[in-house]
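Coordinates in review
Below are the chains, spelled out letter by letter.
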Amino acid sequence: MRLTVRQRLVVFSGFCLIALSGLTWLSMSAVREAEGATDRLVREQMSDVWLLTDLGRSHRQLKDLSYKIKAQLLLWDEINTQFEETSAAIKAQWQSARDNPRLQGWAEKNMEAHEAVLNLLVALKTPIDEASYYSTGKVVDFQLYQALDPMLEEIEARRSVGRQQAEAGSAALVEFLDQQQNFLIAGSLAVLLGVLLLTYWLRRTVTTRLQLIAERLRSMEAASDLSTPLPISGRDEVTAVALAINGLIEKFKLFVGDVTDAAAALQPKRGRGCRTRRHLSCHRLQVA
């Protein structure tokens, strides 16, 4: 084992930090891209479609109002209010389209059709101010279709383009999110696999060897046998512990050997001492 336990722990923690940083970066990049795509989809493409929808609705409201005036279905107070509101809405929405950088070219291209609508508004205002159903009906018969139908066709065509662009943008956003989800799943699985492999590596190179040392020491204690040294492999801290324990065992063996030799050397001396003491006792009896 060339790597020490500290170095292995550094490798494990470094891998975890790098993997976590990578997943965090991938998640943040996905969020930023999704945020930008959503902003483009909602604030640009969808807002253009909504603006064109409102503009077309205002033109249709003007057409419906003209039909109702011709059919004498409304009172003049109602007619004046609705006409002013519709006229103001058409002018404001067209100005918004001209100020929109994505619709500015379309608005400039259809300026002639819008002028026809403005002329229709001017033509309707006079008989409405005069409260004349008959004069309003003549304007509706001769100018309404020629002014509104071309404008409505252009609005519907541009709105269809905007709707297609919005659908394409939403499909691209969903596809991007699916790809990022797959990347995150694959990255998470790779990180999990790496953590499991590193954990198994640490267990095999550190924990298992420490458990083996503990089992050998328990076996030595149970059998009171110091003849089997601990296995030595590598040059890490676990090996240093095993070497230190083996050195301690060798010292114990030398100590036990010295004690055994000393005990064996003392046993004959004790026997001679007893015989000498018995001899002195006998001699004393003879003298007595």
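So, here is what we can say about the structure in this document. (Residues numbered from 1 in each chain as written. Predicted model: local features only at pLDDT ≥ 70, side-chain atom pairs only at ≥ 80, totals over all residues. Heavy atoms only, no water.)

Summing up its helical and strand segments, the protein chain has 6 helices and 0 strands in all. Ordered by position from the N terminus, the helices and strands of the protein chain form the series α-α-α-α-α-α. Against the compact-globule benchmark of 19 Å for 288 residues, the protein chain has a radius of gyration of 50 Å, which places it well outside the compact range. When each of the 288 residues of the protein chain is scored for burial, the buried share is 28%. Here the contacts in the protein chain between residues at least 6 apart in sequence split such that 76% fall between residues at least 24 apart. For the protein chain, the accessible area works out to roughly 18900 Å², and carbon and sulfur atoms hold 60% of it. (Helix = DSSP H or I, 4+ residues; strand = E, 2+ residues; numbered from the N terminus. Rg over C-alpha atoms; globule rule 2.2 N^0.38 Å. Buried < 20%, exposed > 50% of the residue type's maximum accessible area, 1.4 Å probe, protein only. Contact = heavy atoms within 4.5 Å. Areas by Shrake-Rupley, 256 points an atom, 1.4 Å probe, with all protein chains shown as cover.)

Inspection of the entire model under this criterion finds 8 salt bridges. For R102, the salt bridge identified is with D48, shortest N-O distance 2.7 Å. With a gap of 54 residues between them, R102 in the loop between α2 (76-99) and α3 (104-109) and D48 in helix α1 (residues 5-70) connect regions that are remote in the sequence. For R102, a relative accessible area of 34% gives the class partly exposed. A salt bridge links D141 to K70; the shortest N-O distance between them is 2.4 Å. Taken together, the residues span a long stretch of sequence, with D141 in helix α5 (residues 133-223) and K70 in helix α1 at a distance of 71 residues. Salt bridges linked by common partners bring E84, K125 and D129 together as one network. (Salt bridge = Lys/Arg side-chain N within 4 Å of Asp/Glu carboxyl O.)

Let us look at unusual backbone geometry. One non-glycine residue, Q72, lies in the positive phi region at around 55°. Mapped onto the elements of the fold, Q72 is located in the loop between α1 and α2. The phi angle at A131 is positive, at roughly 60°, despite the residue not being glycine. Position of A131 relative to the elements: it lies in the loop between α4 (111-130) and α5. The exposure class of A131 is partly exposed, given its relative accessible area of 39%.

Tallied over the entire structure, the rule returns 3 aromatic pairs. For the ring pair Y67 and Y145, a centre distance of 6.4 Å and an interplane angle of 45° mean the geometry is tilted. Here Y67 is found in helix α1, whereas its partner Y145 is found in helix α5, with 78 residues between them in sequence. Using a relative accessible area of 33% as the deciding quantity, one classes Y67 as partly exposed. (Phe/Tyr/Trp six-rings, centres within 6.5 Å; stacked < 30°, edge-to-face > 60°.)

The next point concerns α5. Along α5, the largest kink reaches about 55° and is centred on Q143. Positive phi appears at S224, one or two residues downstream of α5, with a value of about 50°. (Bend = angle between axes of the 7 residues up to and from the residue.)

Contact geometry for α4 and α5: axes closest at 9 Å, N-to-C directions at 165°. Between α4 and α5, the angle is such that the two are roughly antiparallel. For α4 against α5, the interelement crossing comes out left-handed. Mapping the contact onto sequence places A113, H114, A116, V117, N119, L120, A123, L124, P127 and I128 in α4 and S135, T136, V139, V140, Q143, L144, A147, L148 and M151 in α5. Taken together, the residues of the contact of α4 with α5 break down into 14 nonpolar, 5 polar and no charged. (Axes fitted to C-alpha atoms, helices over the stretch in contact; angles between N-to-C directions. Parallel < 35°, antiparallel > 145°, perpendicular 65-115°, else oblique. Left-handed = near helix turned anticlockwise from the far one by under 90°. Nonpolar A, V, L, I, M, F, W, Y, C, P; charged D, E, K, R; others polar.)

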